[in-house]
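In case you want the letters, here they are:
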Amino acid sequence: MGAPAFKETIVGFWTQRCRDLLQLRNNLSREDLEYVAEKVASLRDERLKSCIAELIGWGDEERAELETFCAIALEVMKQTTPSKMREAALRVELRYHLGVNRNDYSEATEPVPPSDGS
């Protein structure tokens, strides 16, 4: 498969995958989420409340932010070269295998101030 075809395949895959994850996931309506949250708030079991809050997941604002981020990332993917996409994918994979989390990476990439010679 040539580089342009590879690029189109990757962009197509991630476009569909993001859509599936963010938009087509079976979600409760806003009204039902508010009902569940209201009923759970009256429970005494803190662990159960925490578990249910985790299951509810994202709110509307967080979902909108993720959709916007994914849309921007997909547009960048469409406009970049296949070699740049391959390089980015390799970097992400390498970080994953090395166990570098986001905080470690941001600290490692901060510029080091020049020494004053002392």
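Conventions adopted
- Residues numbered from 1 in each chain as written.
- Predicted model: local features only at pLDDT ≥ 70, side-chain atom pairs only at ≥ 80, totals over all residues.
- Heavy atoms only, no water.
- Phe/Tyr/Trp six-rings, centres within 6.5 Å; stacked < 30°, edge-to-face > 60°.
- Salt bridge = Lys/Arg side-chain N within 4 Å of Asp/Glu carboxyl O.
- Helix = DSSP H or I, 4+ residues; strand = E, 2+ residues; numbered from the N terminus.
- Buried < 20%, exposed > 50% of the residue type's maximum accessible area, 1.4 Å probe, protein only.
- pLDDT = per-residue confidence, 0-100.

**Let's talk about the packing of aromatic side chains**
Phase 1: In the structure shown here, the tally under the stated rule is one aromatic pair.
Phase 2: Seen in terms of ring centroids, Phe13 and Trp14 are 5.0 Å apart; in terms of plane orientation they differ by 80°. Their pairing is edge-to-face.

**Things to note about the pattern of salt bridges**
Phase 1: Summed over the entire model, instances satisfying the criterion amount to three salt bridges.
Phase 2: Residues Lys49 and Glu46 are paired through a salt bridge, measuring 3.1 Å at the closest nitrogen-oxygen approach. You can see Lys49 and its partner Glu46 sitting in helix H3 (residues 46-56), three residues apart, about one turn around the helix.
Phase 3: Taking the relative accessible area as the measure of exposure, Glu46 reaches 53% and is therefore exposed.
Phase 4: For Glu75, the salt bridge goes to Lys78, with nearest N and O atoms at 3.4 Å. Of this pair, Glu75 and Lys78 both sit in helix H4 (residues 60-79), three residues apart, which is roughly one turn of the helix.
Phase 5: Overall, the relative accessible area of 42% leaves Lys78 in the partly exposed class.

**Overview of the confidence of the model for the protein**
Phase 1: Across the protein, pLDDT averages 78, with 81% of residues at or above 70.
Phase 2: When mean pLDDT is taken per element in the protein, helix H5 (residues 82-98) scores highest with 88 and helix H6 (residues 102-109) scores lowest with 53.

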